[in-house]
Every structure is written in structure tokens, then in C-alpha cells.
Amino acid sequence: MSEITALGLYSGGLDSLLACRVIAAQGIRVIALKFVTPFFDHDLLTREEEFQREVMRKHGVDVRLVDLSEGYIELLRNPAHGYGKHFNPCIDCKIFMLTRARELMPRYDASFLFTGEVLGQRPMSQRRDTLRVIERDSKCEDILLRPLCAKRLDPTRPEREGMVDREKLYGFSGRGRKDQMALAREFGITEYPAPAGGCILTDPNLGARIERFYQGHFATGRESIEVGDIKLLQVGRQFLLPGGTWLVLGRKQAENERIKKLYEPGDWLLKMEDRPGPTGLLRRAEQTVAGTEQEEEILRLAAGLVVRYGKKIHGETPPATVRIYGEGKEETMTAHPVDGTDFAC
Ligand code: SF4
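Residues numbered from 1 in each chain as written. Predicted model: local features only at pLDDT ≥ 70, side-chain atom pairs only at ≥ 80, totals over all residues. Heavy atoms only, no water.

1. Quick notes on the UniProt feature "domain: NFACT protein RNA binding" (unreviewed entry) in the protein
- As annotated by UniProt and renumbered to match this structure, "domain: NFACT protein RNA binding" (unreviewed entry) occupies residues 236–338.
- A helix fraction of 26% and a strand fraction of 31% characterise residues 236–338, whose end C-alpha atoms lie 17 Å from each other. (UniProt positions renumbered as here; feature names shortened; annotations may be inferred. Helix = DSSP H or I, 4+ residues; strand = E, 2+ residues; numbered from the N terminus.)

Here's what the structure looks like:
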């Protein structure tokens with residue numbers, strides 16, 4: 001093993017794994033950086049060591065998690081290069097990741113960076129001119145190698161200085177997967193990794209909901225957006241009540257548990273007393289609902305939705321007692337089911 005270390009961007013998908021293997025095959029020490037934000041793979045932070053062991057065991061790659069939440073949440077407000085088909089700011093996202101990777105180079109004594117990008121594979125972020133913009137704006141010109149398509153690009157410093165043998169790199173391009181599959185076979189990779197959780201910003205429904213949140217449709221989050229808000233946007237049924245009051249209901253037990261975990265001081269929880277039903281959460285109700293003219297109406301709707309999605313009795317949904325509670329809040333009310341169609345978001 002040489003003294004040279006390289007940092008790779010590791011999504012968890014096949015291309016980034018192949019890039020790691022191609023560089024490691026040249027005797028270079030590879031450290032794979034797996035970036036996480038509340039929009040992708042954030043839960044890995046709760047099992048970091050297990051994830052590292054898993055990737056090492058399955059793929060022989062030394063992976064480190066890097067939490068990009070701070071900064072990324074702001075980046076999404078106004079990405080310089082705009083959004084993709086949905087709410088995905090892919091170009092700015094890559095620039096942000098590479099900037100962070102470059103900043104981490106001294107910590108690992110790394111000589112260069114690499115990614116598994118393939119020229120022309122994605123319409124927006126992997127065009128030749130876009131690859132150049134990404135390098136330029138992340139200040140990674142000349143230190144960023146793309147081993148899977150390097151032969152179609154100008155030689156970079158690691159190639160020119162002999163750290164990497166350009167002849168042993170590849171010239172893949174386009175959307176086909178045949179070349180990658182063949183290379184995977186050469187490396188004996190039979191189990192193709194799926195990216196850990198995927199990026200919700202490319203999901204039409206979730207992406208649109210997050211966009212509405214950023215646009216200020218919700219009473220909360222207009223000024224500051226927290227990691228917990230983004231996580232809550234991904235759980236259960238979501239409703240926007242009058243005034244932009246944000247209600248979330250669990251659809252099953254696991255979501256009810258998740259909602260309770262995402263509770264923050266100032267939120268109000270809702271639960272039916274008489275029979276099983278969803279856990280409800282009114283985000284920051286203490287600020288946005290308490291003491292307002294609409295409080296009574298909002299609680300009637302929120303409690304009514306809890307009843308509506310609760311357990312039926314002989315096919316019917318009779319009124320039920322709903323407890324509303326949180327720091328400084330304790331109340332029960334009898335609620336009738338409410339049709340949530342107009343409030344769903
Ligand atoms: S799909 Fe998501 S994680 Fe991937 S580059 Fe685009 S915004 Fe970033």
C-alpha cells in the first residue's frame with residue numbers, strides 16, 4: 001500500500017463503490033465519505049459504527065459519515081444553480097459535498113478527491129460543462145478525479161503526477177449500465193448495493209411538500225427550518241389547517257412512535273382516549289395556535305381528524321374523547337370525525 005490517500009464521495013450506489021475499488025486497486029488508501037442530511041440517509045447517524053462495519057464487510061470500503069445538515073438546509077432556500085425536475089438542487093448539492101470533502105483533505109492527509117460520476121449519465125449534473133462548473137465552484141479543479149470516465153476528461157493532477165495510472169482508469173459515458181456491470185463482475189461484486197435510503201428531494205410528493213414548507217405555506221418554519229422539521233415532513237399523513245397550522249398523524253404504530261420521538265417542546269400531541277387511533281402532533285402549537293382566535297376551530301379539526309383515522313366500530317366512526325397535551329397544555333374534548341381531504345398536504 002502506498003502512502004497516498006484519496007477521499008471518495010460515497011453515495012452507497014454501485015458507481016461510487018466501483019470508483020472506490022478502482023482507486024484502491026492502484027494501491028491507494030481510500031477513505032469514502034458518506035454525506036448525510038435530513039433529506040438523505042440521516043438515520044445512518046444513529047448506527048454509524050454498524051454501518052461502517054457493514055460497508056467494510058460487504059464491500060471492503062472504509063467509510064466515514066459526514067453530517068452536512070448545517071448549511072444544507074439553508075442551501076435549499078436558494079440554490080445558485082437552481083433545482084432539477086423536483087426540489088433537488090443536484091448541482092449545488094455536489095458543489096457543497098465536494099467543498100466539504102476538500103476541507104476534510106488535511107484531516108486525512110489526502111492527496112486528491114474522487115467521485116463515481118459518469119459523463120452523460122444524468123441530464124443535469126453529469127454533463128461535461130456541468131462537471132466543470134462543479135469543479136470550479138467547489139474549488140476542486142485539478143484535484144478531483146472521476147475514475148469511471150477519466151479517459152474522456154483532461155488528465156488531472158493525480159494522473160499527471162503519477163499518483164494514479166491513467167491507463168487503468170475508464171472512459172464510461174452515457175446512461176447505460178453495461179460497462180459498470182462488467183466492471184463489477186471483474187471486482188467480484190455480485191451484490192449490487194442500493195443507495196441507503198435515497199434522496200427524498202427527487203421524490204415528486206415529498207419534494208413538493210418540502211418545497212411548500214420552504215415557500216412558507218406552513219405557519220412554522222418560515223424563519224428557521226430545523227432538522228426535526230424536515231424529518232417530521234416525512235412521517236405519516238400531513239395536514240395544513242387554517243392559518244398554516246401543521247398537523248401530522250401516524251398511519252401505523254411505528255409512525256406513532258416516530259411522531260412521539262419527533263415531539264419538541266411547544267408541540268401539542270393528540271390521542272384518542274376511548275379506542276385505538278393515530279397519534280397526532282400539532283407542530284409549535286404553543287406559538288402558532290395557543291391563545292389565537294382560531295384555537296378552538298383548529299383543535300376541533302385536529303381532534304376530528306384523529307377520530308376520522310382511528311379505529312372504526314362496526315364500520316362506523318362515532319365521536320370520541322381526544323386528549324390534547326404538551327408542555328403547559330392539558331385538555332380533553334369530544335370530537336366528531338372530520339373529512340381531511342381539503343387539508344391534506
Ligand atoms: S439526488 Fe439528492 S443527494 Fe443526489 S445530488 Fe441530487 S440533491 Fe444531492
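2. As for the pattern of salt bridges
- As enumerated under the stated definition, the model contains 28 salt bridges in all.
- In this structure, R160 and D142 form a salt bridge, with 2.7 Å as the shortest nitrogen-oxygen distance. Of this pair, R160 sits in helix α6 (residues 157–160) while D142 sits in the loop between α5 (128–137) and β5 (144–145), and the two are 18 residues apart along the sequence.
- Judged by its relative accessible area of 29%, D142 falls in the partly exposed class. (Salt bridge = Lys/Arg side-chain N within 4 Å of Asp/Glu carboxyl O. Buried < 20%, exposed > 50% of the residue type's maximum accessible area, 1.4 Å probe, protein only.)

3. So, helix α2 (residues 48–59)
- With twelve residues, α2 extends 16 Å from end C-alpha to end C-alpha; this agrees with the ideal 16 Å at 1.5 Å per step.
- Here α2 has its buried residues at F51, V55 and H59. Projected down its long axis, α2 shows its buried positions confined to an angular sector of 30°, all on one face. Opposite the buried face of α2, by more than 90 degrees, sit the exposed residues E49, R53 and R57. (Expected span 1.5 Å × (residues − 1). Arc of directions from axis to C-beta.)

4. Examining the site of the ligand
- Lining the immediate environment of the ligand, one finds F40, Y72, P89, C90, C93, C199 and T202.
- A majority-of-atoms criterion places the ligand in the largest pocket. (Near = heavy atom within 4 Å. 1 Å grid on protein atoms, 1.4 Å probe; cavity = no way out; pocket = protein on both sides within 12 Å on 5 of 7 lines; lining within 4 Å. Sits in = over half its atoms within 2 Å of the grid points.)

5. Focus on the nonpolar core
- Counting 49 residues, the largest nonpolar core has L7, L33, F35, F39, L113, I210 and Y214 as its most contacted members.
- Of all elements in the fold, only β1 (5–9), β2 (29–36), α3 (69–75), α4 (90–108), α8 (204–214), α9 (227–232) and β7 (245–249) reach the threshold of two or more residues within this core.
- The element contributing the most residues to this core is α4, with nine residues.
- Membership of the second largest hydrophobic core comes to 32 residues, among which are A6, L18, L44 and L183. (Core = buried A, V, L, I, M, F, W, Y, C linked by side-chain atoms within 4.5 Å.)

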